[in-house]
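The chain contents come next:
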Amino acid sequence: MTRMHVELHPKQVWGLIGIDGDSADAVLRMVSTVDSHPMPNVIIENPVNGHAHAGFGITTPINVTNYGSRRAVRYALSIEEALRRAVGGDPSYPGRLIKNPFHSRWITHILHDKTSTLTQFGAILTAAGHMPGRGWHNQRRRAPVGYSRNETLFHMVRRFAYREMRHHWGDTEGYRAAVAKHVAILNADFPIPLGGNELGHISQSISDWTINYSRMWNDGTAAYDAAFSAIQAARGRKGSGRNGGLARGAAQAELAQPFREALIRAARS
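Fair warning: this is a prediction, and the values are worked out from it, not measured in the lab.

What counts as what
Residues numbered from 1 in each chain as written. Predicted model: local features only at pLDDT ≥ 70, side-chain atom pairs only at ≥ 80, totals over all residues. Heavy atoms only, no water. Core = buried A, V, L, I, M, F, W, Y, C linked by side-chain atoms within 4.5 Å. Buried < 20%, exposed > 50% of the residue type's maximum accessible area, 1.4 Å probe, protein only. Helix = DSSP H or I, 4+ residues; strand = E, 2+ residues; numbered from the N terminus. Contact = heavy atoms within 4.5 Å. Phe/Tyr/Trp six-rings, centres within 6.5 Å; stacked < 30°, edge-to-face > 60°. Pairing = 2+ DSSP bridges. Axes fitted to C-alpha atoms, helices over the stretch in contact; angles between N-to-C directions. Expected span 1.5 Å × (residues − 1).

Draft legend 1. Here's a closer look at the nonpolar core. Of all hydrophobic cores here, the largest spans 24 residues; its most connected members are Ile-17, Ile-79 and Leu-125. The set of elements that each furnish at least two residues to this core consists of strand S2 (13–21), helix H1 (26–31), strand S4 (52–63), helix H2 (70–87) and helix H3 (118–127). The dominant element in this core, judged by the number of residues it contributes, is H2, at eight residues. Aside from chain neighbours lying at most four places away, what touches Leu-125 is Ser-36, His-37, Pro-38, Ile-79, Ala-82, Leu-83, Ala-86, His-130 and Met-131. Counting 17 residues, the second largest nonpolar core, distinct from the first, contains Tyr-175, Val-183, Ile-202 and Met-216.

Right, dumping it as structure tokens:
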């Protein structure tokens, strides 16, 4: 309760959309909602410069772990961007911390306790013309901010991690260090890099999953080599000509079958 900033919501569940207004009239923009955007549940204002954080409650919190719906997360990110545009919020705000509404340094305006579904948010923001276009997510990946940096970094590094494991069989610490290094390298390319704590969570999540659950890691080099050879052979049989290749679905099945058979043989040997 003594901290000036606190987490907006747990890392696993997204239940409150936060917007950062860094203009002197931020509160006025946030409460001017006629035909523009939903009214925020809470506004926490810095009385010195007028900057403020706004929180919008989501009726059904979103699971942002690997077990959640990626479609729901993508739609929520679009809602977050639309709300930011509606109030002229800071595009670089990562959405992890918010001003502590109980701290004496801030002025807290609690406006209402009603929540909205993503569909309700979308209807208002679409009618007002604030919802980003279809290609917005691709543009966000090229210059990611906020949650998109975490998602982009995670997916880039996990692909690297699958390939990197062949250099670290039985060497968990070396593997973890390699993944952490790659996370740091890619993070440096962002216009606004993530902080050290977030980098640690990403690299640990990828390393832990590979070491604890990956069949390839647990079966070792024999399974990896057998699977790689089987995949290469299947690709060779598929061919590369326009008319000589298999249909997409059949080709994927042909690539997957020898991979599974190689893993089974390696596990039995």
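Draft legend 2. Spatial organisation of the packing of aromatic side chains. With the rule as written, the count across this model stands at two aromatic pairs. Relative to Tyr-213, the ring of Trp-209 lies with its centre 6.4 Å away and its plane at 40°, an arrangement referred to as tilted. Of this pair, Trp-209 and Tyr-213 both sit in helix H7 (residues 196–213), four residues apart, which is roughly one turn of that helix. Residue classification places Trp-209 among the partly exposed positions, given a relative accessible area of 43%.

Draft legend 3. The arrangement of the sheet that holds S4 in detail. Strands sit in the order S2-S4-S3-S6 across an open sheet of four strands; the sheet is antiparallel. Each edge of the open sheet is held by one strand with a lone partner, namely S2 and strand S6 (107–110). Between one strand axis and the next, the sheet turns by 20° as a mean value, whatever way the strands run. With four bridges connecting them, strand S3 (residues 42–45) and S6 associate as antiparallel partners. Directly across from Glu-45, in S6, lies its bridge partner Ile-107. On the sheet, H2 packs against S2 and S4 and is oriented at approximately 20° with respect to S2.

Draft legend 4. Spatial organisation of H2. With 18 residues, H2 should reach 26 Å at 1.5 Å per residue; the first-to-last C-alpha distance of 26 Å fits that figure. Burial in H2 covers these residues: Val-73, Ala-76, Leu-77, Ser-78, Ile-79, Glu-80, Glu-81, Ala-82, Leu-83, Arg-84, Ala-86 and Val-87. At the C-terminal side of H2, Gly-88 shows a positive phi close to 70°.

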